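# Report on the structure
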Amino acid sequence: MGQAGCKGLYQSLFDYKTEKYVIAKNKKVGLLYRLLQVSILTYLVVWVFLLKKGYQDTDTSLQSSIITKVKGVTFTNTSELGERLWDVADYVIPPQGENVFFVITNLIVTPNQRQETCAESDSISDALCYEDSDCPPGKPVMTGNGVRTGRCLRAENLTRGTCEIFAWCPVETKSRPEKPLLGKAEDFTIYIKNFIRFPKFNFFKTNVLDTKDLKYLKSCHFGPKDPYCPIFRLGSVVKWTGSNFQEIALQGGVIGIQIEWDCDLDKAPSECNPRYYFSRLDSRFPGNSVSSGYNFRFAKYYRDGAGVEFRTLMKAYGIRFDVMVNGRGSFLCDLVLIYLIKKSHFYRNKKFEEVRSGHPVVVNGKANVEQLQNLQTVEA
């Protein structure tokens, strides 16, 4: 580089440059520029603020509590149980009322079982035998009811029998009834009380009408005219899922009850209302598919006069209810905090933090947690 070039570079270090604006007297260009400005402003006002409500702070950490109760009685008369009145203590499991509960609608009852030896059910293929060697003693029938004793029990003139087992005898052999035992359970009622709280805004609400009328809950039923009544007719809940009550009562099923709280807390608390959605959660297949229904077994235990334990085994079919709650609350919070109060510059500086390229400060081999936090607690 020559001497003249070096001198020019040196002098340019002290040059000052300023922007030059050219005003174009062109109506088309000016109109296009204004239309672009109006479009951006319209997008911000209509889409961001009015429709998406971008000025609101949102709380999705919903805290919720569910209390459930079932009410109703019915009467049955069967050969296994005789005349019997059924109330909530008999057909609701668990009895304390949680967000998941089960209502018995059908039963297979095997009464007076005692721990002794008897023949395994012939419906258990693993227990079929032709001779004693097919029943190794001490080996359990994995899909059956007990432990093999070493004997093959065969009826007269038959070459095939079933293994003798030590079990609760007699074993369950009856098939599912053709009609649900508690078919009238569709008139039972479910009480679902839901408390919710949005912790960020300290907002509380419940799905029960705020009234001092003690008779209200004894007479109301949930519906379009009374959305704050938490009393649901069991048959109506099943109907709202698109199912038939007598069908689901026969072989059982699972129903989901979803309560959704989507609340704009800029409005009055009375505008924050629950929405209910009812759905059938278990798989429904035509005919008697093994995938259909819902059931489980339980027993009630007793002792006879000699102190010997015996039990009544029950295979229960029924409806399992899963109550699920979700929601979000939004509130005009950040806009006020950052722009509209006297200390807005203070809160704005705390909310928006300048980040420069580089590495976090390391203290004792660990990153400084305070420099990595995105949210800070600010006290006025």
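Computed from a predicted structure; not experimentally measured. (Residues numbered from 1 in each chain as written. Predicted model: local features only at pLDDT ≥ 70, side-chain atom pairs only at ≥ 80, totals over all residues. Heavy atoms only, no water.)

## Some details on the state of the cysteines
Two cysteines whose sulfur atoms are joined by a covalent bond form what is called a disulfide. Applying the stated rule across the entire model yields five disulfides. At a sulfur-sulfur separation of 2.0 Å, the disulfide partner of cysteine 220 is cysteine 229. Negative torsions about the S-S bond denote left-handed disulfides, and the value of about 75° found for cysteine 220 with cysteine 229 makes this one right-handed. For cysteine 220, a relative accessible area of 6% puts it in the buried group. Put simply, cysteine 263 and cysteine 272 are joined by a disulfide, and their sulfur atoms are 1.9 Å apart. (Disulfide = S-S within 2.5 Å. Buried < 20%, exposed > 50% of the residue type's maximum accessible area, 1.4 Å probe, protein only.)

## What about the environment of aspartate 122?
Mapped onto the secondary structure, aspartate 122 falls in the loop between strand 6 (100–119) and strand 7 (128–129). Linking aspartate 122 and cysteine 163, residues 41 residues apart in sequence, is a C-alpha distance of 9.1 Å. Residues within four places of aspartate 122 in sequence aside, it is in contact with Leu128 and Thr162. (Helix = DSSP H or I, 4+ residues; strand = E, 2+ residues; numbered from the N terminus. Contact = heavy atoms within 4.5 Å.)

## Topic: the pattern of salt bridges
Enumeration according to the criterion identifies ten salt bridges in this entry. Between arginine 233 and aspartate 187 there is a salt bridge, with the nearest N and O atoms lying 3.0 Å from each other. With arginine 233 in strand 12 (residues 231–233) and aspartate 187 in the loop between strand 9 (161–169) and strand 10 (189–198), the pair connects residues that are 46 residues apart, well separated along the chain. Owing to a relative accessible area of 29%, arginine 233 belongs among the partly exposed residues under this scheme. Given the relative accessible area of 52%, aspartate 187 is considered exposed. (Salt bridge = Lys/Arg side-chain N within 4 Å of Asp/Glu carboxyl O.)

## Focus: the packing of aromatic side chains
The final tally for this structure, using the stated rule, is 15 aromatic pairs. Relative to tyrosine 301, the ring of tryptophan 168 lies with its centre 5.8 Å away and its plane at 70°, an arrangement referred to as edge-to-face. Pair noted here: tryptophan 168 is in strand 9 and tyrosine 301 is in strand 15 (residues 295–303), with a separation of 133 residues, a long-range link. Given the relative accessible area of 16%, tryptophan 168 is considered buried. With a relative accessible area of 44%, tyrosine 301 lands in the partly exposed category. Residues phenylalanine 222 and phenylalanine 232 carry aromatic rings whose centres are separated by 4.7 Å and whose planes lie at 35° to one another, so their mutual orientation is tilted. Placement of the pair is phenylalanine 222 in the loop between helix 4 (216–219) and strand 12 and phenylalanine 232 in strand 12, with a sequence separation of ten residues. Both residues of the pair, phenylalanine 222 and phenylalanine 232, belong to the buried class. Members of the aromatic cluster, connected to one another through ring pairs, are Phe222, Phe232, Trp240, Tyr276 and Phe278. If you follow arginine 84 out to its NZ or CZ, it ends over the ring of tryptophan 86, 4.4 Å from the centre. Sitting above the plane of the tyrosine 317 ring, arginine 176 keeps its charged end 5.7 Å from the centroid. (Phe/Tyr/Trp six-rings, centres within 6.5 Å; stacked < 30°, edge-to-face > 60°. Lys NZ or Arg CZ within 6 Å of the ring centre and 35° of its normal.)

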